[in-house]
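Residues per chain, in single letters:
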Amino acid sequence: MDIKSVQNFLGVYSRPSIPPEHFIDNLLKDYEGSKQAWNYLTKDRRFRTETLQHFKIGLSDNNEIAIPVFKNGDLIDYKFRTIPPADKGFRRHQGAETWCFHDDVISECHKDGYLIITEGEMDAMSLWQLGFLNVVSVSSGAQGSTPWVKHIPDNVKVYICFDNDEPGRDAADKLAERIGIERCYNVVIPDCKDANELLIRGGINSDFQILLD
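Residues numbered from 1 in each chain as written. Predicted model: local features only at pLDDT ≥ 70, side-chain atom pairs only at ≥ 80, totals over all residues. Heavy atoms only, no water.

This brings us to the state of the cysteines. Throughout the structure, instances matching the rule amount to 0 disulfides. No disulfide involves C109; its nearest neighbouring cysteine sulfur is the one of C100, lying 10 Å away. C109 sits in the buried class, given a relative accessible area of 0%. Summary of cysteine pairing: C161 is not part of a disulfide, and the nearest cysteine sulfur, belonging to C192, is at 9.6 Å. According to the relative accessible area criterion, C161 is buried, its value standing at 4%. (Disulfide = S-S within 2.5 Å. Buried < 20%, exposed > 50% of the residue type's maximum accessible area, 1.4 Å probe, protein only.)

And the structure:
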């Protein structure tokens, strides 16, 4: 049994000691690394300031985008991703519990009757910015563990919007089977790899709403 399996069995995990505010301060500082990160988030990825503030996005001491993951309001993990022109890369806080990104909406989504699940954090942020507030993302990759799905209310429609490629479609099918395929809907965005690309291309709320309808 590997370390991760032992952790899952015992329920013992490592939690980050650095608060999101530290990384947020890094992002807002006036130096070359922070300017590069800010331009990447706001110009390349097209996120508004309020979106970055809502999700507490920051910049690590190693000049990586720092995306905090919370569980019931407690910080349990970070997803770190490199910034171009560096090679695309991801890492998490070592020994962290696997959970979803933006989990606070799971307990509230029954009010609107829907929950959207994306493959990446930036896709979830993109749909939130477009006005679809009940959105979460897997935080361990498309094929990763999803222990949080058992907390999804029974009376909501679940829209799975993974990457528009073969691995994404395969992962979406497997996730639907875990949740209950009879209430899951596969959302494919035409001519876009993912939800962030829709945002980058100037997509608006109604573009995605038509797909849900």
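What follows continues from the structure just given.
If you walk through the whole model with that rule in mind, you get 11 salt bridges. Measuring nitrogen to oxygen at the nearest pair gives 2.7 Å for the salt bridge that ties R92 to D77. With R92 in strand β4 (residues 90-92) and D77 in strand β3 (residues 74-81), this residue pair connects regions lying 15 residues apart in the sequence. Given a relative accessible area of 1%, D77 falls into the buried group. A network of salt bridges, in which partner residues are shared, links D163, K193 and D194. (Salt bridge = Lys/Arg side-chain N within 4 Å of Asp/Glu carboxyl O. Helix = DSSP H or I, 4+ residues; strand = E, 2+ residues; numbered from the N terminus.)

If you trace the backbone, T42 turns up in helix α3 (residues 32-44). When the C-alpha atoms of T42 and L52 are compared, they prove to be 9.0 Å apart, with 10 residues separating the residues in sequence. Those residues in contact with T42 that sit more than four places away from it in its chain are F47 and L52. For T42, the side chain forms a polar contact with the main-chain oxygen of W38, separated by 2.7 Å. (Contact = heavy atoms within 4.5 Å. Polar contact = N/O pair within 3.5 Å; in protein donor to acceptor, adjacent residues only side chain to side chain.)

In this structure, the second largest pocket encloses a volume near 180 Å³. Along its surface, the second largest pocket is lined by H54, F55, K56, P68, V69, F70, G73, F101, H102, D103 and D104. With 3 residues, strand β2 (residues 65-71) is the largest single contributor of residues to the lining of the second largest pocket. Residue composition of the lining of the second largest pocket, grouped by class: 5 nonpolar, 3 polar and 3 charged. (1 Å grid on protein atoms, 1.4 Å probe; cavity = no way out; pocket = protein on both sides within 12 Å on 5 of 7 lines; lining within 4 Å. Points joined across faces, edges and corners; volume = space filled by probe spheres on them. Nonpolar A, V, L, I, M, F, W, Y, C, P; charged D, E, K, R; others polar.)

These figures come from the coordinates and say nothing about function on their own.
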